[in-house]
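# Descriptive analysis of the structure
Below are the chains, spelled out letter by letter.
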Amino acid sequence: MKKIQILGTGCAKCNKLQEISEQAAKELGIAYEVEKVKELNKIMDFGVMITPALVVDGEVKVAGKVPSLEEVKKMIQE
Amino acid sequence: MADCCSGGTTLLYACSGAADLGEISDMVARRLRDEGFGRMTCLAAVGAELSGFVQSAKGADVNITIDGCGTACARKNLERIGVTPNSYILTDMGLVKGETPVTAKIVSEICAKIKDPSCAPSQAASAVKGGGCGCGCSG
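Source: prediction; values computed, not measured.

Residue and element names in this part refer to chain B. In contact at an axis separation of 9 Å, helix H1 (residues 20-34) and helix H5 (residues 104-115) are set at 60 degrees when each is read in the N-to-C sense. Regarding the angle of H1 to H5, the classification is oblique. Where H1 crosses over H5, the two elements pack in a sense that is right-handed. Of the residues in H5, those in contact with Ile 24, Met 27, Val 28, Arg 31 and Leu 32 of H1 are Ile 106, Val 107, Ile 110, Cys 111 and Ile 114. Among the residues forming the contact of H1 with H5, the class breakdown is 9 nonpolar, no polar and 1 charged.

So, in structure tokens, the structure goes:
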């Protein structure tokens, strides 16, 4: 089970990143769970200074931008 | 503090080395942060390859490194992860390692030069030396 976390306070880009990440996981056909992390202190615990950010199984894959669907697929599979 | 979805994110890194200039680099970065010039973050965490810090550096619009001396540990830490920062090196800006008192005046002078857009990193090599910057800033 892949654990996908979306870090961000809930803006449009954060929502877009969540949407793309869920689509990527579905297209990859993997089991996954998604958690939205909105609390700034928790976001800071990841060392993330800019959001939105994507975390897969505890590792921050990208911060400060919304990658493409194909890029997110690669990030989930790494 | 994490910056949500806004453009123009500037991250600040100090070498924070053991010598006097390392201490000044740290104080300069903190002062710039307090003045809202950028967000200070942890160079050690980048060196440790902690993913959140590495990805934040890669995602920032501007990364500024402040090194005490030409060893440029801060700049090299960023370059190691594929990020080219705007690099300021205090010895290139006229300060002498091992002979510089850590004073508020010096910290203020360095902050002013870094904040001055006419004193870009490529020009900072001539900054401060001999009391004149030569690049149009207040030095």
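With that out of the way, let us pick up the interface of chain B and chain A. Opposite the 18 residues of chain B that make contact, chain A presents 22 residues. With 6 residues, the single largest contributor to the side of chain B that touches chain A is helix H3 (residues 51-59) of chain B. Across the side of chain B that touches chain A, the residue classes tally to 9 nonpolar, 7 polar and 2 charged.

Helical geometry note: an α-helix holds 3.6 residues per turn, so side chains three or four residues apart project in the same direction. All names here are of chain A. Helix length check: helix H1 (residues 12-28) (17 residues) gives 24 Å between terminal C-alpha atoms against 24 Å at 1.5 Å per residue, within 8%. Every buried residue of H1 is accounted for by Cys 14, Leu 17, Gln 18, Ile 20, Ser 21, Ala 24 and Ala 25. After H1 finishes, the residue Gly 29 shows a positive phi value of roughly 70 degrees.

Looking now at the confidence of the model for chain B. All names here are of chain B. Mean pLDDT over chain B: 87, with 81% of residues reaching 70 or higher. Within the model, pLDDT remains below 50 along residues 123-139, and this stretch shows 39 contacts once partners closer than five positions in the same chain are excluded. Predicted as a complex, the structure gets a pTM of 0.86 and an ipTM equal to 0.91.

A separate point is the environment of Ala 25 of chain A. Tracing the chain through its elements places Ala 25 of chain A in helix H1. Along the chain, Ala 25 of chain A and Lys 2 of chain A lie 23 residues apart, while their C-alpha atoms are 8.8 Å from each other.

The next thing to look at is the sheet that holds strand S2 (residues 32-37) of chain A. Residues and elements named next belong to chain A. Ordered by their spatial adjacency, 4 strands build an open sheet running S2-S1-S4-S5, and the pairing between neighbours is mixed. A single partner strand is all that each edge strand has here, and the edge strands are S2 and strand S5 (59-63). Across the sheet, the mean angle from the axis of one strand to that of its neighbour is 20 degrees, orientation sign disregarded. Where strand S4 (residues 53-56) and S5 come together, 4 bridges link them in antiparallel fashion. Residue Ala 53 lies in a different strand from S5, and its bridge partner there is Ala 63. Lying on the sheet, H1 is in contact with strand S1 (2-7), S2 and S4; it crosses S1 at an angle near 165 degrees. Those strands touched by helix H3 (residues 69-77) are S1, S4 and S5, and its axis lies near 35 degrees from that of S4.

Residues and elements named next belong to chain B. Between its first and last C-alpha, H5 extends 16 Å over 12 residues, near the 16 Å set by a 1.5 Å rise per residue. Taken together, the buried positions of H5 are occupied by Glu 109, Ile 110, Cys 111, Lys 113 and Ile 114. On its buried face, H5 is in contact with H1 and strand S5 (86-89).

On to the sheet that holds strand S3 (residues 39-40) of chain B, then. Residue and element names in this part refer to chain B. Strands sit in the order S3-S2-S4-S5 across an open sheet of 4 strands; the sheet is parallel. The open sheet has two edge strands with one neighbour each: S3 and S5. Running over the sheet, H1 touches strand S2 (10-14), S3 and strand S4 (62-67) and is turned about 160 degrees from S2. The strands touched by helix H4 (residues 73-80) are S2, S4 and S5; relative to S4, the strand with the most contacts, the crossing angle is about 145 degrees.

What counts, and at which threshold
Going along each chain's sequence as written, the residues are numbered from 1 onward. A letter from A marks each chain and a number from 1 marks each ligand, given out in the order of writing. Local features in this predicted model are restricted to residues whose pLDDT is 70 or higher, and side-chain atom pairs enter the listing and the counts only when it is 80 or higher, whereas totals over whole chains, interfaces and linings include all residues. Axis geometry follows a simple rule: fit a line to the C-alpha atoms, using only the stretch in contact for helices, then measure angles between N-to-C directions, giving values from 0 to 180 degrees. Numbering goes from the N terminus for both helices and strands, where a helix is a DSSP run of H or I of at least four residues and a strand is a run of E of at least two. Between 65 and 115 degrees an angle is taken as roughly perpendicular, under 35 as roughly parallel, over 145 as roughly antiparallel, and anywhere else as oblique. Helix crossings are classified by the rotation of the near helix relative to the far one: an anticlockwise turn of less than a right angle makes the crossing left-handed, while a clockwise turn makes it right-handed. C-beta atoms are placed from the backbone for every residue, and two residues are taken to be in contact when these atoms lie within 7 Å. Gly is placed with the polar residues, together with every amino acid not listed as nonpolar (Ala, Val, Leu, Ile, Met, Phe, Trp, Tyr, Cys and Pro) or charged (Asp, Glu, Lys and Arg). What a helix should span is 1.5 Å times the count of its residues minus one. Here a residue counts as buried when 20 or more other C-beta atoms sit within 10 Å of its C-beta, as exposed when there are 12 or fewer, and as partly exposed otherwise, the C-beta atoms being derived from the backbone. Per residue, pLDDT captures the predictor's confidence, and it can take any value from 0 to 100. Only strands joined by at least two bridges in the DSSP assignment are considered to pair.

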